[in-house]
Each structure stands twice: as C-alpha cells, then as structure tokens.
Amino acid sequence: MKALISGQVGTAVLIEEEKIASFSIDDPDQIIERSEHEIHCIFHDATDFTILKDTNMDHVLSELDKLWKKDRAMHMLLILLDNSEDNDTRQLASECLEEYLSDDIEIYLTDYLYTSPLPSSADLTGALEISQNSNQVRAIGFFKTLEINQSMITKCNEAWNALPIDLFETLEYKEDFRMKAISAGAFRLFVIEQGKKDKALLDLLLNPAFKGDVKSRAILQQWAAPFKNDTLNKEIINEDYLKDTPLFQKFINKIPILKRKSAQEKLTNVEKNKLAIKKYFSQGKYPKAWKYTEYLIEDQRISSEPKHISQTLCDLAQHAKSIGDYKLQLKLSEWAIEEMPNDGWAYTQLGDAYRLLNKFDEALNSFEKAASFGEKCVAHNGRAEVLKAVGRFDKALMTYEETIKRFPNDAVAYDGRAEVLKAVGRFDEALIAYEETIKRFPENEVANNGRAEVLKAVGRFDEALMTYEETIKRFPNDAVAYNGRAEVLKAVGRFDEALMTYEETIKRFPNNVVAYTGRAEILKAFSRFDEALIAFEETIKRFPENEVANNGRAEVLKAVGR
Amino acid sequence: MNCPDCKNIIPDHSRTCKVCEYDAGFPNKRAAEKPIEQTALDKRYTDALLDGEKRGCKDNILQFQEEIKKSKAVLCRSLSKIQEFVSSDNELYATFYQLVSAGAKIPEKNKYDPIRPIVDGMLFPYYHEQIRFAALTLNNSGAKGFGNCSIILKDDTINRRTTVFEENSIHFAQKKRLVATEPVPAGYRATWEHRDLLAAAKQADKIDNNTKACDFPGILLNSIGSKSDDFIEVHIYGSISRQGVESLIVKKPKKKADRVILKSIKNKLKQIGVGVEEIL
C-alpha cells in the first residue's frame, strides 16, 4: 500500500491498487472512499506533503502523527512568541509545545527559527516567563538557547543575505537554495556548531542535498566564510600563551615572519622546516618535533591558504607513516582536516592511518569522505585495501577491478589487485597480474617487488632473489626490495647474508622500521637472545609505537625466562 | 477580443491590452460573458423551466433560483492553513511560517491526477494559476472533504472577478469525455451575477412539487465528504485576503493544539469583525 500524508492538513490518503481512500488524524477509523482527482484538492496547499511507499496502516498513522505534531508545534511556538495573543491562549500553546517538544521536533523548529533573528514584535521574554511559570523544562531550554543564539543567527542570516546573486545565477535559484539549505538544517548547523571549527560546513558538504555538487560547495563555503574565522583552529595553538616562551622566541628568530618574504622564499623556508621536523620525528624527538610543527603551521597561517597548511601536515603524516608511527600519521592527518575540512587528500591520509591502526570502520568512513571531496581514485584503492585487511578478498578484488576500469592509468589499483590475488593464494594469477602491471608501468617498483614476493611464496627462491636484486639495481632507494632480499635469504637459510642485508638496509634507510625488526627477528631465530633483545630495544627506542618490536621483545624476554 | 481603445487583439488569458494597457476585465468573467456561453445557458435555463412547468413545479424552481441569488462562495481548508491565512500580516508568521509554506506542494502534474492540468488548461488557458476554487453554498456549509473549516467570502470582495461552473470541473471533464483539442461545451458557466441561472438550469430536475425551501441548500451542495459530492464550482480570479472573509465555520476540534489554534484564529478574526461558528 502507498500513502500520501500531510500534517498540515492532518489527512492521509491510502492507495492500494485501484482503491483510494482517506482518513483524518482526528478520526482514523472513519475511512472515506476517494477518487484520484480529489488527492490534489485534499493536499493542494499543503507544503509538508509526503509519500510513503510499501507501508501499512500503523506506519501511516505514526508518520502522520509525527508530521501533524511538527506543524502544530510550529503554530504553538509562534502563538507563544506573539504578544498580541491573549495570555490564556499563550499559556495553552506553551502546554502543547512542551508536550510535543521531542528531539526531532526541536530540530524541525530550529531549522526554521534559526533562519532569521526574531522580529522586534516577538516576545521571547514573555514566552520564557510563561514556560517558567508552568515549569516546562524543555520549552525553557529551547527559549534560552534561542535567546543565546540570536547574535549568531543574525550573523548567519547577514552572511546569507550578503551572498551575491552572481553566485547563484538567479534570484530564484538563491531562494530555492535557501529552502534546500533550511531542509538540510544549514542555518541550524551553522549556529549550533559554532566553536567547533568547520564541523557544520563539513556536515553540510556530506549532506546528500549538496554532496558532490561543486556549485553547492562553493556557495556553502562562501556563506560560511565570514564566521569561519571565529571558529577555526582556536584551540590548536594559543598564541598569547606561547608568545612569551623562550622556545617560541627562539623559533621566531630562526624563521622570520613569512609574510615579509617572497613566495619562493616562503616555500623554501617551509620545506626547510619540514625537513627539520621530519628529522626530529625520525630521531624520536617528539616534543620538539611537535612544537616546531605547531610553530610552522602558525607561521603558515599568516600568509598561506588552508590548502597549503593541509599539504604541509599531510606531508608530515606521510613521513610518520614511513617511520612506522601510524598514530602520529593519524594525528597529523586529523590536524590537516581541521585546517581544511574539505581536503580529500587529507582524508586519504587519515583513512590510510586508520587502516594501519586496524580501525577499519573509521578507515572506510574516511575514504568515503575522501571520495566525496574529489579523491575518488585514491579513496577506491584505500577502500579496497581495507576490505583486503578485513579478509573480504572478493569484494577487495572487485573494487580494484572497478578502479582499474575507471582509472586505467592508476598503477596502485593494478598492484592492489595483484596483492589480493597473492593474499588468497591465487599465485599464478597474481604473477600474471604483476607481470601485466610491470608491462604497463615498467617504472613501478611495487609491482617488481610484488612479483618477487609471489616467486618467493611459490618457492621459486632463486628467481625471487634475482628479481629483488634487479629491483635494487634499478631502484636503489627502494627499501622494500632490500628487505625482500633479506627475507628470501632468511627463507633459504642464508641467515648471515640475511643479517648483513638487514644491517645494510638499516645503514641506507635509518628510518625503516621493517629492517630493524627484521634484523632483530633473525637474531632471535638464531637464539642470539641478548643481541636480539638489544636490537628490539633499539627499535622500540626509535619507534616506540611499533607493535612488532614490542611483541618481539616480549617473546625474547619470555625465551630467556624473564 | 479587440481592444476598444487601440483595436489591437487582447488574448483571452490577458487582463489588459498589451499595447495600451486597457483593462479588459478578468479572463474567467470574459469567458463566461461570451455570447455563445450566454445563449447556451439561456437555452438550458429555458428548457429547465419548460420542463418544470410540465411537471407543475416551475414556481419551486423559480423560488430556488431566487434563493441562489443570496448564495455565497465557500472554501474549505484545514485549521493549520486557516491560521496561516488569518496571520498573514503577523510579523512572526511572515518571517517563519512563510518559509514552511514555501516548501514543495503536490505537483499539479502527478500520476494520480493526470487529467487536472489538462482540464485547468482547457477552462483557464494560460491563467489557471490565478484561479482559486470554492463552492456555492446557501447554508455556509462547504465541500467537507477538503478541510474542517469553511471560509465564507464577502460578496463585494469577489463578485467582479468570480464565475461559477456546472460542477467539479474534473467530474465534468470525465463525464463529458472532454478532449484538449476541443472547446469546453458552452452553457455550463456563468458570471457571479448569473449564478442563479446556472444553478436553476442544473438542478431543476431535482426539484418537484414536494420540494421545500429547506431542501434547497442540500440540492445546491450535496457533500458528505466523499467522491460523490456534488456542487457548483466557484472560480475566483486572484488572491483572497482575510479582509474578504465574511465568516468562518469550524468543526469543533478534537485535539488540544487545534483548539488553541482556533482560539487564536477567533481572536484575530474578532479584531476585523468576523465571526466564527463552531459546529459538531
């Protein structure tokens, strides 16, 4: 059965095959037979007209009741605020309002009440007084919040009115957009989410009414701009608090105010500082690295766009990943998003960090957001990675294949597809997939390493070793190939050579955690527990969050009876 | 028609001459005043009286016709919409409830009612958006299916811009199997001042020797709030303001919030001298 309902009219029309009937909320048992053309007459001036599909009588009644209460609550509210109404009417209205004020209805009312400041004729004090006299707790809260929010409502309304018609093309479209914004709760969100950075903007950009629509995005961003400064980044760094600290002064002396410099100088300076920060992170000097990051970002804020700040933080997040500190990667990615809430790339970083921290739901959510902000290809690959990580290999494979179809020049999807085939033991297909990838993307070291791994997995150690060695020659800065070579040597029992390879890798790539843990694992496998313990502890010192090192250390301690 | 001043053609749907701005009158009224319409209506009326004469009830028909001259236009709405209507000059309603009312309405072209836009296009070509629908009543009762409140309109605020039509125009189109390419048959519409002729022509066969004056309201408008309702449809050109309300008849509300709304409506209408009657 289908039903058409309106709370304003207080009527439901039921449609089942050829039969049409209606009932009123006042008398649901009295069903009246109708003809199809009467539907328009019944609802013709209703603006809350709703269609329910595949419904039943109970559902129709409950939905009609909800819509009716919304409409009547709005009337009660307006009557209560109106000092031209007599006191008795206002008192009765306040009783009804208190009865109907559920969370849903409060949201509905604020969606409209927060569009404009209250007109001068509105008697908010009187409404509050009436509610207080009758101890109507919910209504009191509602009116107090309404009162507190008046200045932000005014600000938000003024910002809306100031938006140029050019942005919408026509005045009519501006009005249509306003209605869409009200339905999506835009006015309410901008007011109630004040002080939470760009949360409202972000929520709205993800709302189905606006999601993926470039024009809507531009309008919402421009609308939010005037009150954005009030809410952005306040708690990240407190300038007044830091200004007098010696460290800040020292830093300021080191990095003169960027706005006095040319664009190229600014960029060079940022790059230099990023290098220094990365170095501190790599050395495990976290407080220093973190503090300097804060200073750098604060400095960038003076003359850079949010997207540049986000880029800096994403770059540092990538570095955090490269040194195996996924929590740091997460923190920096989150910060990047705070700086620029619609930065798709920052979301891919966040998703990646969540995935590496085994927080798969959060990872999927982040990749979804990344896609909605334009990073579709990376987001698809990230999603597939998560699916692979949670063992949904078929789905992961399908996702990679879809990505290959949509983005045929994306090597990551090709590599990913081969990785999944390898993970499910379909080695022949994995090998073919890697070879296809190498043919398509000859400079793709990931595919070369992947191919070598498959060869190792199927026991073709000589070929695997040869492939790794070729990759090392072609891509001497690729740590994976070095570690892979060491792994093969370990697998064929050439432990000394494996150990040497790991040590060489550590020398070449002092921030590569895999080489450190690999070396320690070999020492453990040799029962060289003292050395293994030292190796694990060294690793932990450098990479305190690394689980492999911490577990390895525990295993060694257990082996030596500690 | 041709403009009496500049002689240029004034389209049927246009209120004024596009060349010299001559006020040509309301398009619905002009349509009802066309000689072809008046001649056809006169014939129906004369035939109805002749038939009444044969049946010996001509006097009753004439009495009915006389009563119709006092009939009113009534439109039915929900309490919520009446509150919005009577609060139109209230700043709070204008600021906030107007936004609620700006939401999406049921589309005219909906799959349940495909015939409506066609009929509207035939009766009111290019001006159907200007037309408000009501019903003709002798006892202030309206078509019950369309809302619990009946608004009775003051004659002097509508008589120059209102016409009447045989019955619910959709029913009419279905019964007569009207097609968009052909004109609406003549003789089924009249100006407000000639509504008595139309009502008599239409309902004469329902009047006989036994018909009493107290039966007239039910003959004119037979509404139980279902699809078999029968009434003379009233077409009002342009908007209706609360100052145009003569009285309001409301079915006693069952729910508390509706009683509050009614109280508020009464207060507002009282200020402009309009009475409200509650019925069971």
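What counts as what
Residues numbered from 1 in each chain as written. Chains lettered and ligands numbered in written order. Predicted model: local features only at pLDDT ≥ 70, side-chain atom pairs only at ≥ 80, totals over all residues. Heavy atoms only, no water. Helix = DSSP H or I, 4+ residues; strand = E, 2+ residues; numbered from the N terminus. Buried < 20%, exposed > 50% of the residue type's maximum accessible area, 1.4 Å probe, protein only. pLDDT = per-residue confidence, 0-100. Core = buried A, V, L, I, M, F, W, Y, C linked by side-chain atoms within 4.5 Å. Contact = heavy atoms within 4.5 Å. Pairing = 2+ DSSP bridges. Axes fitted to C-alpha atoms, helices over the stretch in contact; angles between N-to-C directions. Phe/Tyr/Trp six-rings, centres within 6.5 Å; stacked < 30°, edge-to-face > 60°. Expected span 1.5 Å × (residues − 1). Arc of directions from axis to C-beta. Patch = residues over 30% accessible without salt bridge, like charges linked within 9 Å, V, L, I, M, F, W, Y side chains within 5 Å. Areas by Shrake-Rupley, 256 points an atom, 1.4 Å probe, with all protein chains shown as cover. Salt bridge = Lys/Arg side-chain N within 4 Å of Asp/Glu carboxyl O. Lys, Arg positive; Asp, Glu negative; His and termini not counted. Charge placed at Lys NZ, Arg CZ, Asp CG, Glu CD. Disulfide = S-S within 2.5 Å. Buried area = accessible area lost by both parts, 1.4 Å probe. Polar contact = N/O pair within 3.5 Å; in protein donor to acceptor, adjacent residues only side chain to side chain. Nonpolar A, V, L, I, M, F, W, Y, C, P; charged D, E, K, R; others polar. Parallel < 35°, antiparallel > 145°, perpendicular 65-115°, else oblique. Left-handed = near helix turned anticlockwise from the far one by under 90°.

Asker: When you look at unusual backbone geometry in this model, what are you seeing that I'm missing?
Answerer: Most of the time, phi is negative for any residue but glycine, and the peptide bond is trans. Of note, N135(A) is a non-glycine position whose phi angle comes to about 55°, a positive value. Considering the arrangement of structural elements, one finds N135(A) in the loop between helix 5 (124-133) and helix 6 (137-148). Its relative accessible area of 58% is what places N135(A) among the exposed residues. Backbone geometry places R177(B), a non-glycine residue, at a positive phi of 50°. Tracing the chain through its elements places R177(B) in the loop between helix 8 (169-175) and strand 5 (189-191). A residue is classified by how much of its surface remains accessible, and R177(B), at 72% relative accessible area, is exposed.

Asker: Where do I start with the confidence of the model for chain B in this structure?
Answerer: Any segment with low pLDDT has predicted coordinates that should not be analysed in fine detail. In this model, chain B carries an average pLDDT of 90, and 94% of its residues clear a pLDDT of 70 or more. Two summary scores accompany this predicted model of the complex, namely pTM at 0.60 and ipTM at 0.85.

Asker: So what exactly am I meant to see when it comes to the nonpolar core here?
Answerer: The nonpolar side chains of a soluble globular protein tend to be buried, and buried together. Residues L109(A), F143(A) and W223(A) are the most contacted members of the largest nonpolar core, which totals 208 residues. Counting residues per element, this core draws most heavily on helix 2 (residues 57-81) of chain A, at 12 residues. When sequence neighbours within four positions are dropped, the list of residues in contact with W223(A) reads C156(A), A159(A), W160(A), L163(A), A181(A), A186(A), F187(A) and F190(A). I20(A), A46(A), C76(B) and F231(B) belong to the second largest nonpolar core, which has 20 residues in total.

Asker: Sorry if this is basic, but what is going on with the sheet that holds strand 6 (residues 233-237) of chain B here?
Answerer: The strands making up a sheet are joined through hydrogen bonds of the backbone, oriented either antiparallel or parallel. Residue and element names in this part refer to chain B. In spatial order, the strands read 5-4-6-2-1-3-7-8; together these 8 strands make up an open sheet with mixed pairing. Edge positions in the sheet fall to strand 5 and strand 8 (275-279), since each has one partner strand and no second. The sheet shows a mean angle of 30° between the axes of neighbouring strands, taken without regard to direction. Bridging between strand 7 (residues 245-251) and strand 8 involves 5 bridges; their strand directions are parallel. Looking at the pairing, V250 lines up with E278 of strand 8. Across the sheet, helix 4 (residues 79-86) lies against strand 1 (72-77), strand 3 (149-153) and strand 7, angled at about 40° from strand 3, the strand it touches most. Contacting strand 7 and strand 8, helix 11 (residues 256-271) runs over the sheet at an angle of about 150° to strand 8.

Asker: Just to check I follow, could you spell out the packing of aromatic side chains for this structure?
Answerer: One pair of aromatic rings is described through two measures. These are the centre distance and the angle between the planes. Residue and element names in this part refer to chain A. Across all of its chains, the model carries 31 aromatic pairs over all chains by this definition. Each ring, one from Y482 and one from F509, has its centre 5.3 Å from the other, and the planes form 65°; the classification is edge-to-face. Taken together, the positions of Y482 in helix 26 (residues 479-491) and F509 in the loop between helix 27 (495-508) and helix 28 (513-525) put the pair 27 residues apart, joining distant regions of the chain. No difference in accessibility class separates Y482 from F509, as the two residues are buried.

Asker: Even after reading the chapter, I still don't get the sheet that holds strand 4 (residues 27-33) of chain A, so can you show me in this structure?
Answerer: Residue and element names in this part refer to chain A. Strand order in the open sheet formed by 5 strands is 4-3-2-1-5, with antiparallel pairing between adjacent strands. Each edge of the sheet is formed by a strand with only one pairing partner; in this case those strands are strand 4 and strand 5 (50-52). Direction aside, neighbouring strands of the sheet carry axes that sit 25° apart on average. Judged from the 6 bridges that link them, strand 2 (residues 11-16) and strand 3 (residues 19-24) form a sheet pairing that is antiparallel. Bridged to A12 within strand 3 is F23. Running at roughly 15° to strand 1 (residues 2-6), helix 2 makes contact with strand 1, strand 2, strand 3, strand 4 and strand 5 of the sheet.

Asker: Explain helix 6 of chain A to me, please; I cannot follow it from the model alone.
Answerer: Two residues of an α-helix separated by three or four positions point the same way, owing to the 3.6 residues in each turn. Residues and elements named next belong to chain A. Here helix 6 contains 12 residues, and its C-alpha end-to-end distance of 17 Å stays within 8% of the 16 Å for a straight helix at 1.5 Å per residue. Within helix 6 the residues assigned to the buried category are A139, I140, F142, F143 and L146. Down the axis of helix 6, the buried side of the element spans an arc of 165°, and every buried residue falls inside it. Looking at helix 6, the residues exposed on the side facing more than 90 degrees away from the buried face are V137 and I148. If you follow the buried residues of helix 6, they end up packed against helix 2, helix 3 (87-100), helix 4 (103-113), helix 5 and helix 7 (150-162).

Asker: Would you take a moment to explain a negative patch on the surface for this structure?
Answerer: Residues and elements named next belong to chain A. Judged by side-chain charge, E16, E17, E18 and E36 come together as a negatively charged surface patch. With respect to the helices and strands, the residue E16 is situated in strand 2. Judged by relative accessible area, E16 falls into the partly exposed class, the value being 47%.

Asker: Where do I start with helix 3 (residues 58-68) of chain B in this structure?
Answerer: Residues and elements named next belong to chain B. Looking only at helix 3, the buried set comprises N60, I61, F64, Q65 and I68. Down the axis of helix 3, the buried set is contained in an arc of 145°. They therefore lie on one face. The inward-facing, buried residues of helix 3 abut helix 2 (35-55), strand 2 (131-137), helix 9 (195-203) and helix 10 (216-220).

Asker: How should the state of the cysteines be read in this particular structure?
Answerer: Note on terminology: a disulfide is the covalent bond linking the sulfur atoms of two cysteines. Residues and elements named next belong to chain B. As enumerated under the stated definition, the model contains 0 disulfides over all chains in all. Of all cysteine sulfurs in the structure, the one in C76 sits closest to C149, which takes part in no disulfide; the separation is 8.3 Å. The exposure class of C149 is buried, given its relative accessible area of 0%.

Asker: Even after reading the chapter, I still don't get the interface of chain A and chain B, so can you show me in this structure?
Answerer: Each partner contributes residues to the interface: chain A has 59 residues there, and chain B has 49 residues. Where chain A abuts chain B, roughly 4,900 Å² becomes buried across the two surfaces, and 60% of that area is made up of carbon and sulfur atoms. If you look at where chain A meets chain B, you find 7 salt bridges. Close ionic contact of D88(A) with K263(B) constitutes a salt bridge, the shortest N to O distance being 3.0 Å. Remark: the boundary between chain A and chain B carries 19 residue pairs in polar contact (both at pLDDT 80 or more). Among the secondary structure elements, those contributing two or more residues to the side of chain A that touches chain B are strand 1, strand 4, helix 1 (38-43), helix 2, helix 3, helix 4 and helix 8 (171-183) of chain A. Top contributing element to the side of chain A that touches chain B by residue count: helix 2 of chain A, with 9 residues. Taken together, the residues that form the side of chain A that touches chain B break down as 30 nonpolar, 13 polar and 16 charged.

Asker: Where do I start with the packing of helix 2 of chain A against helix 11 of chain B in this structure?
Answerer: Axis angle and axis distance: for two packed helices, these are the angle between their axes and the distance between the axes, and together they describe the pair. Here helix 2 of chain A crosses helix 11 of chain B at 40°, and the two axes come no closer than 10 Å. Looking at the two axes, helix 2 of chain A sits oblique to helix 11 of chain B. Helix 11 of chain B is crossed by helix 2 of chain A, and the crossing has left-handed handedness. Facing helix 2 of chain A, whose interface residues are W68(A), R72(A), H75(A), M76(A) and I79(A), helix 11 of chain B presents A257(B), D258(B), V260(B), I261(B) and S264(B). When the residues that make up the contact of helix 2 of chain A with helix 11 of chain B are grouped by side-chain class, the tally is 6 nonpolar, 2 polar and 2 charged.

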